[in-house]
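Below are the chains, spelled out letter by letter.
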Amino acid sequence: MSDATDRRAFFARGFVRAVERAASIVGHRLSPIPHVRPPGALPEAGLVAACSRCGQCGPACPVGAITFLPPDAGLAAGTPVLHPEITACIMCADVPCAAACPTDALELPESGWQGLQLALLDIDAERCITFRDVSCGVCARVCPVGELALTLDARGRPVVGESCTGCGACVKACVTAPSSMRIRPVQEVA
């Protein structure tokens, strides 16, 4: 890398951080609805500010899990979102969506998937059949992270662990209709 490229990258990162701080002042006004963002996404304000709306992250996803917000989504229009309840993120080791991003809106996570959280997972005990003493466990078996993210307690009921990424694999695999597993965005609107 040349000195000019290093300087350009330095100032680009500084600009994104400054815009993110300024945008955090307006917070939830960026978009009226919270969203599940692709892996490596900046916090909402930073993502909206840094995303060029180029769309390169979408085709980079091998399962087509990334879509883009419609024009009526306010300032967030055209930015990438996930709908894990429709298409689960398969947690690619090389995170091609972030690698395809020409800006810092999606950054390759330094530690891979460790500590990365796309969404929060809730279990609907009223709907889940294991809470009626019916054996199942499909959700825990399909979890790509394993027991640190989703395990079964002594009674065979699912328990969400700290390492859950919110990828949506369990939501799609759940045998109840609608699913007993629910995904919600990490950043809720205030």
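Structural data are supplied above this passage.
## A look at the pattern of salt bridges
This model, assessed by the stated rule, comprises five salt bridges. When the shortest N-O distance is used, the salt bridge between Arg184 and Asp122 registers 2.6 Å. Of the two residues, Arg184 is situated in strand E6 (residues 181-185) and Asp122 in strand E3 (residues 119-123); the sequence distance between them amounts to 62 residues. Overall, the relative accessible area of 30% leaves Asp122 in the partly exposed class.

## Thoughts on the state of the cysteines
Following the criterion strictly, the structure yields zero disulfides and no others. Cys57 forms no disulfide, and the closest cysteine sulfur to it belongs to Cys54, at a distance of 6.4 Å. Of all cysteine sulfurs in the structure, the one in Cys92 sits closest to Cys61, which takes part in no disulfide; the separation is 6.2 Å. Given the relative accessible area of 15%, Cys61 is considered buried.

## Brief notes about unusual backbone geometry
Leaving glycine aside, a negative phi is the common case for residues, and trans is the common case for peptide bonds. Ala177 connects to Pro178 through a cis peptide bond whose omega is -5°. Looking at the secondary structure, you find Pro178 in the loop between helix H6 (169-173) and E6. A positive phi angle, near 65°, is found at Arg53, a position not held by glycine. Within the fold, Arg53 resides in the loop between helix H2 (44-50) and helix H3 (57-60). Even without a glycine there, the phi angle at Met91 is positive, about 55°.

## Concerning the nonpolar core
Leu82, Cys89, Trp113, Leu121, Leu150, Cys170 and Met181 are the most contacted members of the largest nonpolar core, which totals 35 residues. If one sorts the elements of this core by residue count, H6 sits on top with three residues. With sequence-adjacent residues up to four places away left out, Cys89 is seen in contact with Leu82, Trp113, Leu118 and Cys167. Counting residues in each nonpolar core, the second largest holds six residues, with Leu69, Ala73, Ala77 and Val81 among its members.

## Quick notes on the environment of Ala76
Looking at where Ala76 falls in the secondary structure, it is placed in the loop between strand E1 (66-68) and strand E2 (80-82). Linking Ala76 and Ile33, residues 43 residues apart in sequence, is a C-alpha distance of 9.8 Å.

The rules behind these values
- Residues numbered from 1 in each chain as written.
- Predicted model: local features only at pLDDT ≥ 70, side-chain atom pairs only at ≥ 80, totals over all residues.
- Heavy atoms only, no water.
- Salt bridge = Lys/Arg side-chain N within 4 Å of Asp/Glu carboxyl O.
- Helix = DSSP H or I, 4+ residues; strand = E, 2+ residues; numbered from the N terminus.
- Buried < 20%, exposed > 50% of the residue type's maximum accessible area, 1.4 Å probe, protein only.
- Disulfide = S-S within 2.5 Å.
- Core = buried A, V, L, I, M, F, W, Y, C linked by side-chain atoms within 4.5 Å.
- Contact = heavy atoms within 4.5 Å.

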